[in-house]
Amino acid sequence: MPQTITRGYKALIDQANAEVKTLTIEEAKALHGRDDVVFVDIRDPRELERDGKVPGAFHCTRGMLEFWIDPESPYAKPVFQEDKTFVFFCAGGLRSALAAKTAQDMGLKPVAHVEGGFGAWKKTGGPVEEWAPKPKA
């Protein structure tokens, strides 16, 4: 018997966009580089390698988000314990809406996500740098 999905991804994204602040590219560019703002790139490593990255952005794959945010998790990252604004982005603005909603639901605040994601950032001349792998220890 086939599965019956009762709430599809579009409904989830619509709900996320209704509950989380969505930044235009221009608003996001105005926040870039500020000490009180952390840009969180949730794209997977292949996307970073292929397309580049926003300078200074913290990379957190979508699959580790909840574990890296929660200070009780053995995988918690200190960046998520800072008193800053967290701006999530992905390639096109869909995954980042879901990630920002999850982060907000967990208690992280303030959070926002970038409308159009990295694609819109790059297309409108936002700063981009090539991805470089971490040196092996």
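Chains are numbered independently. Their residues run from 1 in the order of the written sequence. Predicted model: local features are reported for residues with pLDDT of at least 70 only, side-chain atom pairs are reported and counted for 80 or more only, and whole-chain, interface and lining totals are derived from all residues. Note that water and hydrogens are dropped before the side-chain values are worked out from all heavy atoms of the structure.

What follows concerns the nonpolar core. Within the largest apolar cluster, 18 residues are counted, with the highest numbers of intra-cluster contacts made by Val40, Leu65, Phe80, Phe86, Phe88, Leu108 and Val111. Any two residues whose heavy atoms approach within 4.5 Å at even a single point are treated as in contact. Beyond its immediate stretch of four places on either side in the chain, Phe86 contacts Val38, Val40, Val79, Phe80, Leu108, Pro110, Val111 and Ala112. Here, nonpolar core refers to any group of buried Ala, Val, Leu, Ile, Met, Phe, Trp, Tyr and Cys residues whose side-chain atoms link them within 4.5 Å. For the exposure calls, accessible area comes from a 1.4 Å probe over protein chains only, and a residue counts as buried if that area is under 20% of its type's maximum, exposed if over 50%, partly exposed in between. With 15 residues, the next largest nonpolar core counts Ile25, Val37, Phe89 and Ala112 among its residues.

Reading across the sheet, the five strands line up as E1-E5-E4-E2-E3 and stay open at both edges, with parallel pairing between neighbours. Two strands lie at the open edges of the sheet, namely strand E1 (21-23) and strand E3 (58-59), each paired on one side alone. Paired strands, as defined in this entry, are two strands with at least two bridges between them according to DSSP. Here a strand is any run of E in DSSP of at least two residues, a helix any run of H or I of at least four, and the numbering for each starts at the N terminus. Bridging between strand E2 (residues 37-41) and E3 involves two bridges; their strand directions are parallel. Pairing of Val40 across the sheet is with Phe58, part of E3. Contacting strand E4 (85-89) and strand E5 (111-114), helix H5 (residues 95-106) crosses the sheet at an angle of about 180° to E5. Interaxial angle, 0 to 180 degrees, is taken between N-to-C directions of lines fitted to C-alpha atoms, where a helix line uses only the stretch in contact.

This paragraph deals with the UniProt feature "domain: Rhodanese" (unreviewed entry) in the chain. Here the UniProt-annotated "domain: Rhodanese" (unreviewed entry) positions come out as residues 33-130. End C-alpha atoms of residues 33-130 are separated by 17 Å, and the span's content is 32% helix alongside 16% strand. UniProt positions are given in the numbering used here, feature names are shortened, and annotations may be inferred rather than shown by experiment.

It is worth spelling out the environment of Arg43 at this point. Its place among the elements puts Arg43 in the loop between E2 and helix H3 (45-51). A relative accessible area of 1% means that Arg43 is categorised as buried. Separated by 49 residues in sequence, Arg43 and Gly92 place their C-alpha atoms 9.8 Å apart. Apart from residues lying up to four places away in sequence, Arg43 is in contact with Leu48, Asp51, Gly52, Lys53, His59, Thr61, Phe89, Cys90, Ala91, Arg95 and Phe118.

Moving on to the packing of aromatic side chains. Here is the rule: rings of Phe, Tyr and Trp (six-membered ring for Trp) pair when centre to centre is within 6.5 Å. Planes less than 30 degrees apart are stacked, more than 60 are edge-to-face, and the remainder are tilted. On inspection of all chains with the given rule, the structure shows seven aromatic pairs. Where Phe89 meets Phe118, the ring centres are 6.5 Å apart and the plane angle is 20°; that geometry is what we call stacked. Here Phe89 is found in strand E4, whereas its partner Phe118 is found in helix H6 (residues 117-123), with 29 residues between them in sequence. The pair formed by Phe89 and Phe118 is uniform in burial state, with each residue classed as buried.

The subject of this paragraph is H5. In an α-helix, one full turn covers 3.6 residues, which means residues spaced three or four apart are oriented alike. Taking 1.5 Å of rise per residue, the 12 residues of H5 would be expected to cover 16 Å, and the 16 Å separating its terminal C-alpha atoms lies within 8% of that figure. Within the span of H5, buried status applies to Ser96, Ala97, Ala99, Ala100, Lys101, Thr102 and Ala103. Along its buried surface, H5 packs onto helix H1 (9-19), helix H4 (65-69), E4 and E5. One or two residues past the end of H5 sits Gly107, with phi positive at roughly 110°. Here, expected helix span is obtained from the residue count minus one, scaled by 1.5 Å.

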